Amino acid sequence: MKHLTPIIDVTDKCNLTCRYCYSGSAHNNFASRDKINQMFRSNIQLLFEFTDQVMAYNQNNPTIFIFHGGEPLLVTIENWDRVFTYFRKNKYPIEIDIQTNGILIHQDFIDLFKEFDVKLGVSLDGPKSLNDETRIFKSGKGSFSVIFRNLQKMKESEFKFGCLVTLNRANMDMDGIYNFFKEYQIHFNVRPIFDHQYSVPEELLITSTEYASAICKLFDFWFDDQDSPSLIGDFNNMVARFIEPIDRLTTCSFAKCCNEEFVAFDIQGDLWPCNCLPKNPFYYGNINEYSLDELLAFQKAEKLSTRWDKLLETDCKDCEVSNFCYGGCPSRAYYSHGSYFAKDPLCEAYRTILKHVYGKIETSFEDS
């Protein structure tokens with residue numbers, strides 16, 4: 001059954017200057033918040049039209065809408081309330097996910113998110129000593145203190161949230177990361193840094209071997225910890241897939257044809273397959289000119305669906321774990337190899353990680 005998860009870029013502006021920023025926000029001039037919201041308001045009907053088309057495409061089945069940036073909370077509460085109210089008024093079964101840097105969270109936002117059952121992800125790269133190496137204000141000051149204070153506000157309000165750690169050379173202390181999130185009982189997931197169109201400083205990039213070693217170590221912490229079984233959601237899903245494979249129970253990096261499951265949309269109506277990819281050369285078109293159905297039926301979009309078939313004949317032909325990772329992330333492949341149809345440069349890391357996870361699970365069954 002056809003089903004799309006839209007990733008919506010509400011703005012490319014941000015109030016931080018993270019050293020590894022992939023969306024260009026650290027490189028763009030920062031417009032006033034008034035201008036950002038004026039742009040959002042002027043295009044909100046386009047967002048509603050896109051919503052209608054996505055829900056029709058998904059036959060009104062439950063759908064996750066992921067809001068990204070830049071920094072999505074530069075959009076005011078009043079504008080977010082209009083969006084959420086539109087979803088509710090139309091009785092759309094939409095799960096609202098917002099990924100934020102956590103700087104602008106305050107009680108009114110928390111109350112709004114609780115009312116509409118918003119799922120909030122906050123980017124935080126571990127404790128202060130690690131986070132403040134990379135996630136910084138435009139003044140150069142670290143962001144940890146402000147973010148952590150806002151996390152505490154959410155916990156006090158009994159609002160559930162999770163954190164996302166971007167693994168890079170500056171925060172490879174897996175003991176420190178795991179113990180920090182466990183101490184404060186904050187659920188988190190980890191994503192690796194990768195080179196992209198805005199170029200990551202060389203000193204922050206990690207090798208495939210380093211990534212594999214870090215994730216295997218983190219998995220062992222989590223797997224052997226009987227007190228915090230749900231602390232890392234991605235590991236829960238990974239174990240579940242080994243025991244009984246379930247469609248869609250995976251990160252987008254391990255999707256068989258991620259372009260058929262996700263689509264990126266910006267507030268001006270442009271569509272392309274992934275917000276980690278540049279629009280050029282992956283631009284599908286604009287919903288002012290064509291419908292969602294038409295854009296997804298064009299040859300450019302359909303061609304991307306052949307990636308796994310090509311990999312099965314080449315890079316992934318004899319790989320024993322290929323049916324778990326499906327060649328990995330095409331965005332990372334594009335930036336590393338210049339081709340969407342190549343395998344993820346972290347391929348060997350995935351092989352190491354998946355074998356390690358499987359071995360750990362197998363041993364635990366034997367011991368039980």
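Structural data are supplied above this passage.
Below is a summary of the structure that appears in this document. Each residue is numbered by its place in its chain's sequence as written, counting from 1. Only residues with pLDDT of at least 70 are given local features in this predicted model, and only at 80 or more are side-chain atom pairs given and counted; all residues enter the totals for whole chains, interfaces and linings. By convention in this description, side-chain values take in all heavy atoms of the structure and omit both hydrogens and water.

Structural notes on the sheet that holds strand E4 (residues 119-123)
Part 1 of the argument: An order of E6-E5-E4-E3-E2-E1-E7-E8-E9 is seen for the nine strands of this open sheet, with the pairing classed as mixed. Only two strands of the sheet have a single neighbouring strand rather than two, namely strand E6 (188-192) and strand E9 (285-286).
Part 2 of the argument: Two strands make a pair as long as DSSP finds a minimum of two bridges between them. Starting at the N terminus, helices and strands are each numbered in turn, a helix being any DSSP run of H or I of at least four residues and a strand any DSSP run of E of at least two. The pairing of strand E2 (residues 63-68) with strand E3 (residues 94-100) spans five bridges and is parallel. Residue Thr-63 lies in a different strand from E3, and its bridge partner there is Ile-94.
Part 3 of the argument: In this fold helix H8 (residues 208-223) packs onto strand E5 (161-167) and E6, with an angle of close to 170 degrees to the strand it touches most, E6. Only heavy atoms enter the contact rule, under which two residues are in contact if any of them lie within 4.5 Å. The angle between two axes is taken between their N-to-C directions and runs from 0 to 180 degrees, where each axis is a line fitted to C-alpha atoms and a helix contributes only its stretch in contact.

Details of empty space enclosed by the protein
Part 1 of the argument: Whether a set of points on the 1 Å grid over the protein atoms alone is a cavity depends on a 1.4 Å probe fitting there but being unable to get out, while an open set qualifies as a pocket with protein on both sides within 12 Å along at least five of seven lines; lining residues are those with an atom within 4 Å of a point. Grid points are joined across faces, edges and corners, and a volume is the space filled by probe spheres set on the points. Per the stated rule, a full pass over the model turns up three cavities of 30 Å³ or more.
Part 2 of the argument: Empty space within the largest cavity amounts to approximately 50 Å³.
Part 3 of the argument: If you trace the largest cavity, you find it lined by Ala-255, Lys-256, Cys-257, Cys-258, Asn-259, Leu-304, Arg-307, Trp-308, Gly-328, Pro-330 and Tyr-340.
Part 4 of the argument: Among the secondary structure elements, those contributing two or more residues to the lining of the largest cavity are helix H10 (258-261) and helix H14 (307-313).
Part 5 of the argument: For the lining of the largest cavity, the per-class residue count stands at seven nonpolar, two polar and two charged.
Part 6 of the argument: The volume enclosed by the second largest cavity comes to roughly 40 Å³.
Part 7 of the argument: As for the second largest cavity, its lining consists of Cys-316, Cys-319, Ser-322, Cys-325, Gly-327, Gly-328 and Cys-347.
Part 8 of the argument: Its residues assigned to classes, the lining of the second largest cavity shows four nonpolar, three polar and no charged. Residue polarity is assigned by list, with Asp, Glu, Lys and Arg as charged and Ala, Val, Leu, Ile, Met, Phe, Trp, Tyr, Cys and Pro as nonpolar; anything else, Gly included, falls into the polar class.

Section: the packing of H8 against helix H9 (residues 233-243)
Part 1 of the argument: The contact between H8 and H9 brings their axes to 11 Å, and the two run at 85 degrees. In terms of their interaxial angle, H8 and H9 are classed as roughly perpendicular. From H8, Ile-215, Leu-218, Phe-219 and Trp-222 reach across to H9, where they touch Phe-235, Asn-236 and Val-239.
Part 2 of the argument: For the contact of H8 with H9, the class distribution of residues is six nonpolar, one polar and no charged. Reported orientations rely on four angle classes, namely roughly parallel under 35 degrees, roughly antiparallel over 145, roughly perpendicular from 65 to 115, and oblique for the rest.

Some thoughts on the packing of helix H1 (residues 33-42) against helix H3 (residues 77-89)
Part 1 of the argument: It is at 10 Å that the axes of H1 and H3 come closest, and there the two elements cross at 20 degrees. Comparing their axes, H3 and H1 come out roughly parallel. Crossing of H1 over H3 shows left-handed handedness. Here Asn-37, Phe-40 and Arg-41 of H1 lie close against H3, whose contacting residues are Asn-79, Arg-82 and Val-83.
Part 2 of the argument: Its residues placed into classes, the contact of H1 with H3 shows two nonpolar, two polar and two charged. Left-handed describes a crossing whose near helix is turned anticlockwise from the far helix through less than a right angle; right-handed describes the clockwise counterpart.

Here's the deal with helix H16 (residues 330-337)
Part 1 of the argument: Most of H16 sits out of view: six of its eight residues are buried.
Part 2 of the argument: The buried label goes to any residue with under 20% of its type's maximum accessible area, the exposed label to any with over 50%, and the partly exposed label to all in between, with areas taken from a 1.4 Å probe on protein chains only. Of all the residues in H16, the buried ones are Pro-330, Ser-331, Arg-332, Ala-333, Tyr-334 and Tyr-335.
Part 3 of the argument: Buried-residue contacts for H16 involve E6, H10, helix H11 (279-282), H14 and helix H17 (347-367).
Part 4 of the argument: Positive backbone phi, at 80 degrees, marks Gly-338, one or two positions downstream of H16.

Describing the pairing of strand E7 (residues 262-266)
Part 1 of the argument: Counting buried residues along E7, five of its five residues qualify, which places the element largely inside the surrounding structure.
Part 2 of the argument: Residues Phe-262, Ala-264 and Asp-266 of E7 are buried on one face, and the alternating residues Val-263 and Phe-265, pointing to the opposite face, are buried as well.
Part 3 of the argument: Of the strand pairs in this sheet, strand E1 (residues 5-9) and E7 are connected by five bridges, and their pairing is parallel. Across the sheet, the residue bridging to Thr-5 is Phe-262, located in E7.
Part 4 of the argument: Relative to strand E8 (residues 270-272), E7 is paired through two bridges, and the arrangement is antiparallel. Across the sheet, Ala-264 pairs through a bridge with Trp-272, a residue of E8.
Part 5 of the argument: Hairpin geometry of E7 and E8 is characterised by an intervening segment of three residues between the two adjacent antiparallel strands and by a positive phi of about 100 degrees at Gly-269.

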